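Remarks on the overall topology
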Amino acid sequence: MGELRTELLVVGGGLGGVAAALTAARLGRRVVLTEETDWLGGQLTVQAVPSDEHPWIETEHISPGYRELRTRIRDYYRRNYPLTPDAAADPTLNPGLGNVSRLCHEPRVGVAVIDEMLMGFISAGRTTVLYGHVPVAAEVEGDRITAVTLRDNNTGDLKVITAGLVADATELGDLLELAGVEHVVGAESQDETGEPYAAPIADPSDQQAVTWCFPLEYRPGEDHTIDKPASYEHWKTHVDPFWPGPQLSWEKIDIHTMKGRANRIFEGDMDAVRLPDLWHFRRIRARTQFRRDLVDTDISLVNWPNIDYWEAPLLGPGIDETARERALRRCKELSLSYLHWMQTEAPRHDGGVGYPGLRLRPDLTGTHDGLAKGVYVRESRRIRARFTILEQHVAVVDRPEGQGAHQFPDSVGVGTTTSTCTRAPRASIT
């Protein structure tokens, strides 16, 4: 068993983990950063999802580090992609022109830029990145995690890392469980929080859905139909009581009325900057931003309501590694089933049936099947903190006119509601 000692250990290589590692390295600290896949960047890369962002993201209300990341992503496109002159000159270049973000880009670009930002510290020996490593045990002294045991997914070897400070940046809050840190999963009750809209009874299985995303391009006249997944008929016919029909459809829940509403994959001119259809929602490459003789298709990232997986949670009582792996497998099958349905049976915008020209792009995700390297996680274990910000601190309903959210002298929060993800009333454990 190998051993390593460092000043800061960051377990998890998503954006939060990378930000922590970069900050510490710039302050002259020695850092070990671990990541279970072979890509850093989490949501932007491994999960392939452009960020849902607040409307002030391109103003002064942004951290310097995140501003640098965004600037470097745009500069990477300017240096390496055949942009049109207008796109290259745009200081707020959005390669995908997606509705969800002012910077929709390909996952591999995020990987390249994050690697570039870390490279100087890696070369200087200040930062070590351990890819393909997952935490399996933690040592605790009092209220501090002092060491973490990691398993190399490729070799099975174990490595113990001792650190003066340990940061849990995993997608599911793995160190909370391994270290026996007080935490909660799912929905807390009104008795616990006093929140007016909290559940009457705590429900650990009430968790936001996870989603296995994938990028697509559309090539009319071609046939890129994938094989029918084993669980296709289940997703085609099964109807959950809170959903307006089978998941293999264009139907979704309208978050304002909570009634069923039909989506469309295409509506109007595909080259339009913004349209209220699925294709423009998370488009990560807009062909109008590039020289048409070299780039002739859009690429859209499928993170749409109908591939939200709510059949079983990833965390909570009774969920062991076997149950979690089964849920992840079913989640992946749902995404592939939805693609097969779109290619073969989906009602078309022009009155026909099926879009066989929808084509997976595994080269953009670094996978064999064309899906993202990892599942898109919206909710993890949550630490039971000394102080928790609750609904009554931020809600402005029933407050005196002109009185906003509670003021905290030691913190600043900027946020907005943009998510339309699915939260199952009760996820069943099967």
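Each remark here, short or long, concerns the structure printed above.
This one's a predicted model, so the numbers in the text were calculated from it and none came from an experiment.

Here we take up the overall build of the chain. Helices and strands together make up the secondary structure of the chain, namely 11 helices and 16 strands. For 430 residues, the compact-globule estimate of 2.2 N^0.38 gives 22 Å, and the C-alpha radius of gyration of the chain, at 22 Å, lies within 12% of that figure. When its C-alpha atoms are laid out on the principal axes, the chain stretches across 65 × 55 × 55 Å. Buried positions account for 47% of the 430 residues belonging to the chain. At a minimum sequence separation of 6, the contacts of the chain that also span at least 24 residues come to 64%. Carbon and sulfur atoms form 51% of the exposed surface of the chain, whose accessible area is close to 21,100 Å². Here the chain contributes 47 positively and 62 negatively charged side chains, and the mean placements of these two sets differ by 3 Å.

For the structure shown, the criterion picks out 14 aromatic pairs. With a centroid separation of 5.4 Å and an interplanar angle of 75 degrees, the aromatic rings of Phe 266 and Tyr 355 are classed as edge-to-face. Residue Phe 266 is found in the loop between β11 (260-262) and α8 (278-281), and its partner Tyr 355 is found in the loop between α9 (321-344) and β15 (358-360); the two are separated by 89 residues along the sequence. In terms of burial, Phe 266 and Tyr 355 fall into one category: buried. One aromatic cluster in this structure is built from Tyr 218, Phe 266, Trp 279 and Tyr 355. In this structure, Lys 332 is placed above the aromatic ring of Trp 212, and the distance from its NZ or CZ to the ring centre is 4.4 Å.

The strand order β12-β13-β9-β15 describes an open sheet built from 4 strands, whose pairing is antiparallel. Edge positions in the open sheet fall to β12 (283-285) and β15, since each of these has one partner strand only. Each strand of the sheet is rotated relative to its neighbour by a mean of 40 degrees, with strand direction disregarded. For β12 and strand β13 (residues 299-302), the ladder comprises 2 bridges, and the chain directions are antiparallel. Bridge assignment links Arg 283 to a residue of β13, and that residue is Ser 300. α9 contacts β9 (214-218) and β15 of the sheet and is inclined by roughly 10 degrees relative to β9.

So, on to the environment of Gly 65. Assignment of secondary structure puts Gly 65 in helix α2 (residues 64-80). When the C-alpha atoms of Gly 65 and Thr 23 are compared, they prove to be 8.5 Å apart, with 42 residues separating the residues in sequence.

What counts and how
- Residues numbered from 1 in each chain as written.
- Predicted model: local features only at pLDDT ≥ 70, side-chain atom pairs only at ≥ 80, totals over all residues.
- Heavy atoms only, no water.
- Helix = DSSP H or I, 4+ residues; strand = E, 2+ residues; numbered from the N terminus.
- Rg over C-alpha atoms; globule rule 2.2 N^0.38 Å.
- Buried < 20%, exposed > 50% of the residue type's maximum accessible area, 1.4 Å probe, protein only.
- Contact = heavy atoms within 4.5 Å.
- Areas by Shrake-Rupley, 256 points an atom, 1.4 Å probe, with all protein chains shown as cover.
- Lys, Arg positive; Asp, Glu negative; His and termini not counted.
- Charge placed at Lys NZ, Arg CZ, Asp CG, Glu CD.
- Phe/Tyr/Trp six-rings, centres within 6.5 Å; stacked < 30°, edge-to-face > 60°.
- Lys NZ or Arg CZ within 6 Å of the ring centre and 35° of its normal.
- Pairing = 2+ DSSP bridges.
- Axes fitted to C-alpha atoms, helices over the stretch in contact; angles between N-to-C directions.

Scope: geometric values only; no functional claims are made or implied.
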